[in-house]
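Spelled out from the first residue to the last, the chains are:
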Amino acid sequence: MPLVEQLKPKNNSAACYFPVSANSANNKYEWETVVGFFIKSLHNIELEKTINSLDDFKLLCKTQITNKLDGEPFWHIIEKMYFDNEQVLNISPEMQALKVLNPESSNAGDERLTAFLVGLLGDLQLTQPPESHLNFLEREIKTVFDSPLVTKKSQKLKKFNKPYLPESSEFFQKDLAFLVGYPEHFLQNIKSFLKLYGFLYTAQLALNVRGWSSQPEVKPCYFILDSEKASKERTKLQLHGHKQVVESSYALFPYLALNESLQDAKSSIVPLWELVGELTSNDIDALNNYAADFHEDRKLTSELLPAENIDQAITSLIKLFTEQFKKGATRETAFNNFVKATRETLIKPFEQSRGRAGSYFVLNQDYLLLLTNISIGSREKLRLHELLVEFQNRGVFFDKSSEECLIDLFERMGNVERMSDSGDAVYVKKTI
């Protein structure tokens, strides 16, 4: 039976599928720390408890290197090169894990955001880290990092929920696997990559969460480039851009909280659209009783009628979960905290106001190059229209005006090949 054994009202939580809390004090996030936690999970490593700070790691490296160099005369130079500016973290991707040596420097928000991103990994694991090109000193430092004194393989069992957006999760895994193969590029872009997918997944989740009767699909979400002008006359941007995503994000908390309340969150749970497909007429009484208990517990005033089928039962519960957050209700503050933190953390980095023209989703050149490289992937180049399809597969859409600006930008960067004056013969090359 897919439903939890005892359906009863409880505190609202969307934690199984979303990192944001209804408690504003728990919505503090530091992306550098998130990168460290993510790297630990990606490489399945744990840091030894005896290493509590970067200084502890530095002392181990000092012992290792001074023994090899027959004394300490050069150590202060090495210390200045790698430790004073924390460049040691950039020797190899795995060493980004040292960003979370001190657990007191992190908070619950960082761990929830990491869990959200790790959830997109599914069962993807790196069996062997890619080889970085290191000099003699870097090899010695990396040897210390890989030693049992510093790291070990994690023995924690990972719990995975079924992805809410299977297609987006697949592209995340595919793009990450490609990026990992270029260690230097990975180091430069991992934070941007996680922020980009954090936003794209949030946008698509918001646009799809109301469609619980069928499996989600990528919905149009239009961007402009930061170098182009915006205009209210651009219909696609107005109908399927910033405004649509922000308004849709208001549905995230009630829908995800409902889904989580119906299942045992201690084990793996499934998306609402999948759960509904597993329910039968035998579950209708349990859902009706739950709706009645929830209606009374939340002191709601709307009329509640018994459902006659599964669709009616879910529709009724959705109305109740939404009503509990209405203006003036006791849970309005919690709802506003959730909405505000969602926008501040995951949406705002790609949001830009263009005065009277309104607000738009904007990609700057760095994000565009990252998106272009992962979209081309293992191939050397793609036709422009093929590249645009790859963008759309990941949730990034451009109108005709933006497409023209895109070609101009690619030509200025020198990664375009024109086989003819025809648009179909324009190829875009990756830059790594």
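Values in this document were obtained by computation on a predicted structure and should not be read as measured data.

Taken together, the side chains of Leu69, Phe74, Ile77, Met81 and Phe136 define a hydrophobic patch exposed on the protein surface, amounting to about 430 Å² of accessible area. Residue position: Phe136 is located in helix 5 (residues 136–146).

This structure, assessed with the given rule, holds four cavities of 30 Å³ or more. Here the largest cavity is characterised by a volume of approximately 50 Å³. Looking at the largest cavity, the residues that line it are Leu165, Pro166, Glu167, Ser168, Gln204, Asn208, Pro216, Glu217 and Val218. Residue assignment for the lining of the largest cavity shows that the elements contributing at least two residues are helix 6 (166–180) and helix 7 (183–208). In terms of residue count, the dominant contributor to the lining of the largest cavity is helix 6 (three residues). The residue makeup of the lining of the largest cavity, split by class, is four nonpolar, three polar and two charged. Its volume calculated, the second largest cavity comes out at about 40 Å³. What lines the second largest cavity is simply Ser168, Phe171, Tyr197, Leu200, Tyr201, Asn393 and Arg394. Taken together, the elements giving at least two residues each to the lining of the second largest cavity come down to helix 6 and helix 7.

A few words on the sheet that holds strand 7 (residues 416–418). Taken in spatial order, the three strands line up as 6-8-7 in an open sheet, and their pairing is antiparallel. Strand pairing shows two members of the sheet lacking a second neighbour, strand 6 (381–383) and strand 7, which therefore form its edges. Averaged over all pairs of adjacent strands, the angle between their axes in this sheet comes to 25°, without regard to strand direction. Both strand 7 and strand 8 (residues 426–429) contribute to a ladder of three bridges, which runs antiparallel.

Considering all chains together, one arrives at 25 aromatic pairs under this definition. Taking 6.5 Å as the distance between ring centres and 85° as the angle between the ring planes, the aromatic pair formed by Phe57 and Phe145 counts as edge-to-face. In this pair, Phe57 sits in helix 2 (residues 54–69) while Phe145 sits in helix 5, placing the two residues 88 residues apart along the sequence. Judged on exposure class, the residue Phe57 and its partner Phe145 are both buried. A centroid spacing of 6.1 Å and a plane angle of 70° characterise the contact between Tyr290 and Phe294, whose relative ring orientation is edge-to-face. Linking Tyr290 with Phe294, this pair stays in helix 12 (residues 284–297), spanning four residues, or about one helical turn.

Rules and cut-offs
Residues numbered from 1 in each chain as written. Predicted model: local features only at pLDDT ≥ 70, side-chain atom pairs only at ≥ 80, totals over all residues. Heavy atoms only, no water. Patch = residues over 30% accessible without salt bridge, like charges linked within 9 Å, V, L, I, M, F, W, Y side chains within 5 Å. Areas by Shrake-Rupley, 256 points an atom, 1.4 Å probe, with all protein chains shown as cover. Salt bridge = Lys/Arg side-chain N within 4 Å of Asp/Glu carboxyl O. Helix = DSSP H or I, 4+ residues; strand = E, 2+ residues; numbered from the N terminus. 1 Å grid on protein atoms, 1.4 Å probe; cavity = no way out; pocket = protein on both sides within 12 Å on 5 of 7 lines; lining within 4 Å. Points joined across faces, edges and corners; volume = space filled by probe spheres on them. Nonpolar A, V, L, I, M, F, W, Y, C, P; charged D, E, K, R; others polar. Pairing = 2+ DSSP bridges. Axes fitted to C-alpha atoms, helices over the stretch in contact; angles between N-to-C directions. Phe/Tyr/Trp six-rings, centres within 6.5 Å; stacked < 30°, edge-to-face > 60°. Buried < 20%, exposed > 50% of the residue type's maximum accessible area, 1.4 Å probe, protein only.

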